[in-house]
Amino acid sequence: MRTRTFILCLLALCLSTIRGYASGLGDFRVNARFLTDRMAFELHLNSNQYNDLYEINYDFLCNISPYVSGIAVADTRAMDAYYRYLDERNDDLRWVLSQAEYVRFIDIEYFFRPIYAINNVCYLRVYKIYPNRTHFYFGPPRHYLTYRGGHCRAHFGGVSYYRRNYPARYHHPVYSRPCRISPQMRPHDFAGPRPGNRPPQKPNWKPAPRPDRRPVSVGKPNYRPPHNPHKAPGFKPQERPTRRPEVSPDKMRPKQIREKSNMKEKERKSLSKRL
């Protein structure tokens, strides 16, 4: 009987390990323990918090495992599911961590937002800070090999299991401020949407016409100089013959006027002699 029970437990462990490697992040049971170990080390948690925190991290990594491939390429539906489960995980932690511990938890990026993507691959941020994955500060959680998501919200109608058990196990004030991830943090975690993930365009959609002039910068008038063909490239002005302008009588100098009157007087005298 004991041999049969041992074989069944070993088979269950193998199946959970295979399922964990299929998530794209590796074995999420090992990842949940590593993340919990570092959180307990930096936040100075007790044994009850350590065990509950492992369950919360395990449920979170298990829930997002079907969406890891979509998260890596910034698929909108996958990211919506990821942030929904992340908000639930951070909300569960409000009932396990004290108010001071939760404030420190929010300030540590690789705990509060544990996953990011580079080159279409997802990683845990905590491994950037602690690259030695074989070192643990604490032993495995009490139910490291037996827990399989029994305290997940899906089994309690979407209500936090840790909220129900908070008064009996913990006696600290609950962090009451909103703990949801802001949508502005998405570009910091994952790349922008790829061309294949763009929303469908409308049937009658047409690109906007190209403007015939440059947009006017703010604070400057919309001035466009008139077209001057004489300033066009390759234009050569035609040479015009220079001609001395005629001088009007009104602008003649006095000496010229006198000479002209004398000539007229001589013409009159010569004409009178001929007659």
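Being a predicted model, the structure only gives us computed values, none of them experimental. (Residues numbered from 1 in each chain as written. Predicted model: local features only at pLDDT ≥ 70, side-chain atom pairs only at ≥ 80, totals over all residues. Heavy atoms only, no water.)

Below, the discussion takes up the overall build of the chain. Along its length, the chain carries twelve helices and two strands. Reading the chain from its N terminus to its C terminus gives the helix and strand order α-α-α-α-α-α-α-β-β-α-α-α-α-α. Residues classed as buried in the chain amount to 35% of the 275 residues present. Of the contacts made within the chain by residues no fewer than 6 positions apart, 71% connect residues no fewer than 24 positions apart. (Helix = DSSP H or I, 4+ residues; strand = E, 2+ residues; numbered from the N terminus. Buried < 20%, exposed > 50% of the residue type's maximum accessible area, 1.4 Å probe, protein only. Contact = heavy atoms within 4.5 Å.)

What follows is about the packing of helix α3 (residues 47–64) against helix α5 (residues 76–93). Each pair of packed helices can be described by the angle between their axes along with the distance between the axes. Where α3 meets α5, the axes come as close as 9 Å, and the angle between the chain directions of the two elements is 175°. Relative to α5, the element α3 is oriented roughly antiparallel. For the pair formed by α3 and α5, the contact residues are L53, I56, N57, F60, N63 and I64 on the first element and Y82, Y85, L86, R89, D92 and L93 on the second. Along the lines of polarity and charge, the residues of the contact of α3 with α5 split into eight nonpolar, two polar and two charged. (Axes fitted to C-alpha atoms, helices over the stretch in contact; angles between N-to-C directions. Parallel < 35°, antiparallel > 145°, perpendicular 65-115°, else oblique. Nonpolar A, V, L, I, M, F, W, Y, C, P; charged D, E, K, R; others polar.)

With 62% of its residues at a pLDDT of at least 70, the chain reaches an overall mean of 75. Counting contacts from residues 13–23, a segment whose pLDDT is below 50, to residues more than four positions away or on other chains yields 15 contacts. Counted against residues more than four places away or in other chains, residues 192–203, with its pLDDT under 50, gives nine contacts. (pLDDT = per-residue confidence, 0-100.)

One way to put it is that helix α2 (residues 28–43) packs onto α3 with a least axis distance of 9 Å and a crossing angle of 140°. Accordingly, the angle class assigned to the pair α2 and α3 is oblique. Note that α2 runs across α3; the crossing there is right-handed. Contacts between α2 and α3 involve F28, R29, N31, A32, R33, L35, T36, D37, M39 and A40 on the former and, on the latter, Y50, L53, Y54, N57, Y58, L61 and C62. Considering only residue class, the contact of α2 with α3 consists of eleven nonpolar, three polar and three charged. (Left-handed = near helix turned anticlockwise from the far one by under 90°.)

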